Structures are given as C-alpha cells and as structure tokens.
Amino acid sequence: MKIFSANIQSLQELYNSELRKALDLEEQIVKALPTMIEKSSDTQLKQAFQSHLQESETHVDKVKQLLSQQEDSSSQTCKVIHALVTEAQDTIKDVNDPDVLDVALIGAGQQVEHHEMAVYGTLQNWARLLGRHQDAQILESILNDEKHADKLLSQVADRVNSDALVAA
C-alpha cells in the first residue's frame with residue numbers, strides 16, 4: 001500500500017515516473033529470463049529467450065540513458081511485471097511435463113511482451129508530445145524489439161503448442 005502520493009502534476013512528471021517503472025520492468029525481466037531459458041526444453045524457445053535476454057540488457061542501458069537526463073534516475077517498481085514474473089515462476093513449479101511447460105513459458109513470455117509493447121508505445125507517444133524526439137526514437141527501437149520478440153514466440157508457439165497437444 002502506498003502511503004504517500006507521487007503528486008504528479010504534469011505529463012513530463014508522468015513520463016519520468018513511467019520511465020523509472022520501465023527501468024524496473026527491464027531489470028526484472030533480465031533476472032527472470034535465465035530461469036525461463038533453463039526450464040525450456042525446446043531449442044528454438046531457448047534461443048528466443050536468450051536473444052530477448054540480450055535485448056533486455058540493452059534496453060536497461062537505453063532506459064538508463066533516457067533517465068540520466070532526469071533529476072531522479074532511480075527505478076520505480078513495476079507492479080505489473082512483478083505479478084507476471086511471479087505467475088511464471090509459479091507455473092514453472094506447477095508444470096511437470098516439458099512440452100506443456102514450454103507452452104506455459106511461451107504464454108508467460110507473450111504476456112510480458114504485450115505489456116512491454118503497451119508501455120513503450122505509450123512512452124514513445126508521450127515523448128513525441130513533449131518534443132523529446134530523440135527519446136521517441138530510442139523508445140521506438142525498444143518497441144520494435146518487443147514486437148519482434150512477440151513474433152518469434154508466436155512462431156515457436158505454432159509448433160510447440162501442437163507438440164504438447166500430441167504428447168497429451
């Protein structure tokens with residue numbers, strides 16, 4: 001429960017606050033992906049997660065770069081990603097069949113990707129409104145990475161979901 005309000009008074013303050021949450025979002029993903037890589041049994045899924053881990057490490061640097069221009073460059077907890085990561089961790093513990101676990105990991109990964117796309121699309125729009133065109137370009141590049149990661153997971157899912165169904 002939040003005791004004190006952030007008292008956001010402007011779009012710029014909202015933008016800065018959401019950037020700090022985006023930093024936490026990426027840091028949480030960087031911590032969670034190694035487990036997802038380890039638990040994946042499908043080679044292409046492992047590669048997709050490994051590729052996104054590298055992208056996410058770059059995203060941490062890019063968001064830090066954007067925040068370095070602000071007074072407060074510390075991260076702020078992203079409760080949504082925290083919840084999604086917790087759900088994925090619970091699922092990993094609950095699912096025993098490797099094929100079904102791959103399906104569950106893809107689902108968890110896509111939930112994260114969709115949230116990231118919403119966050120970065122919104123931040124990009126706000127950056128443009130604020131006249132922060134360089135920020136908007138950086139945020140667009142991150143958004144494109146997230147869309148690409150989601151597309152890769154969808155391609156892997158087409159095959160992996162069928163494998164899990166056949167194994168049942």
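Bear in mind that the values here come from a model prediction, so they are computed numbers and not experimental data.

**Q** I keep staring at the overall build of the protein chain and nothing clicks. Help me out?
**A** Looking only at helices and strands, the protein chain has five helices and zero strands in total. Scaling as 2.2 N^0.38, a compact globule of 168 residues should have a C-alpha radius of gyration of about 15 Å, and the protein chain matches this with 17 Å. For the protein chain, the residues scored as buried account for 41% of the 168 residues in total. Put simply, of all contacts in the protein chain between residues at least 6 apart along the chain, 80% involve residues at least 24 apart. By element, 50% of the accessible surface of the protein chain is carried by carbon and sulfur atoms, the whole surface being about 9200 Å². Averaging the positions of the 15 positive and the 27 negative side-chain charges in the protein chain gives two centres separated by 5 Å.

**Q** Help me understand the pattern of salt bridges, please; the structure alone is not making it clear to me.
**A** For side chains bearing opposite charge, pairing can occur when the charged atoms are close. Enumeration according to the criterion identifies three salt bridges in this entry. The residue Asp-135 makes a salt bridge to Arg-132 at a minimum N-O spacing of 2.9 Å.

**Q** Just checking my understanding: could you explain the side chain of Gln-110 for this structure?
**A** Here Gln-110 shows up in helix 4 (residues 98-129). Here Gln-110 falls in the buried class, since its relative accessible area comes to 17%. In terms of polar contacts, Gln-110 uses its side chain to reach the side chain of Ser-154, at 2.8 Å. Ignoring sequence-local partners within four residues, the contact set of Gln-110 consists of Asp-150, Leu-153 and Ser-154.

**Q** What's the story with the side chain of Asp-42 in this structure? I'm lost.
**A** In this fold, Asp-42 is placed in the loop between helix 1 (11-39) and helix 2 (43-67). Overall, Asp-42 belongs to the buried group, its relative accessible area being 13%. A polar contact is formed between the side chain of Asp-42 and the backbone nitrogen of Leu-45, at a distance of 2.9 Å. For Asp-42, the contacting residues outside a window of four places in its chain are Asp-102, Val-156, Arg-159 and Val-160.

**Q** Help me understand the nonpolar core in this model?
**A** In a soluble, globular protein the nonpolar side chains are often hidden away together inside. Residues Leu-19, Phe-49, Val-63, Ile-81, Tyr-120, Leu-123 and Leu-139 are the most contacted members of the largest nonpolar core, which totals 44 residues. Put simply, the parts of the chain that give this core at least two residues each are helix 1, helix 2, helix 3 (79-94), helix 4 and helix 5 (133-167). Apart from the residues lying within four places of it in its own chain, the contact partners of Ile-81 are Leu-25, Gln-28, Ile-29, Val-112 and His-115.

**Q** Even after reading the chapter, I still don't get the confidence of the model for the protein chain, so can you show me in this structure?
**A** Do not read the predicted coordinates in detail wherever pLDDT is low. For the protein chain, per-residue confidence averages 93 on the pLDDT scale, and residues scoring 70 or more make up 95% of the total. Across the protein chain, the secondary-structure element scoring lowest on mean pLDDT is helix 5, at 92, and the one scoring highest is helix 4, at 97.

**Q** Whenever I open this one, the environment of Lys-46 confuses me. Can you help?
**A** Considering the arrangement of structural elements, one finds Lys-46 in helix 2. Judged by its relative accessible area of 28%, Lys-46 falls in the partly exposed class. Between the C-alpha atom of Lys-46 and that of Pro-34, which follows or precedes it by twelve residues, the distance is 9.5 Å. Discounting residues that sit within four places of it in the chain, Lys-46 has contacts with Ile-37, Glu-38 and Ser-40.

The rules we used
- Residues numbered from 1 in each chain as written.
- Predicted model: local features only at pLDDT ≥ 70, side-chain atom pairs only at ≥ 80, totals over all residues.
- Heavy atoms only, no water.
- Helix = DSSP H or I, 4+ residues; strand = E, 2+ residues; numbered from the N terminus.
- Rg over C-alpha atoms; globule rule 2.2 N^0.38 Å.
- Buried < 20%, exposed > 50% of the residue type's maximum accessible area, 1.4 Å probe, protein only.
- Contact = heavy atoms within 4.5 Å.
- Areas by Shrake-Rupley, 256 points an atom, 1.4 Å probe, with all protein chains shown as cover.
- Lys, Arg positive; Asp, Glu negative; His and termini not counted.
- Charge placed at Lys NZ, Arg CZ, Asp CG, Glu CD.
- Salt bridge = Lys/Arg side-chain N within 4 Å of Asp/Glu carboxyl O.
- Polar contact = N/O pair within 3.5 Å; in protein donor to acceptor, adjacent residues only side chain to side chain.
- Core = buried A, V, L, I, M, F, W, Y, C linked by side-chain atoms within 4.5 Å.
- pLDDT = per-residue confidence, 0-100.

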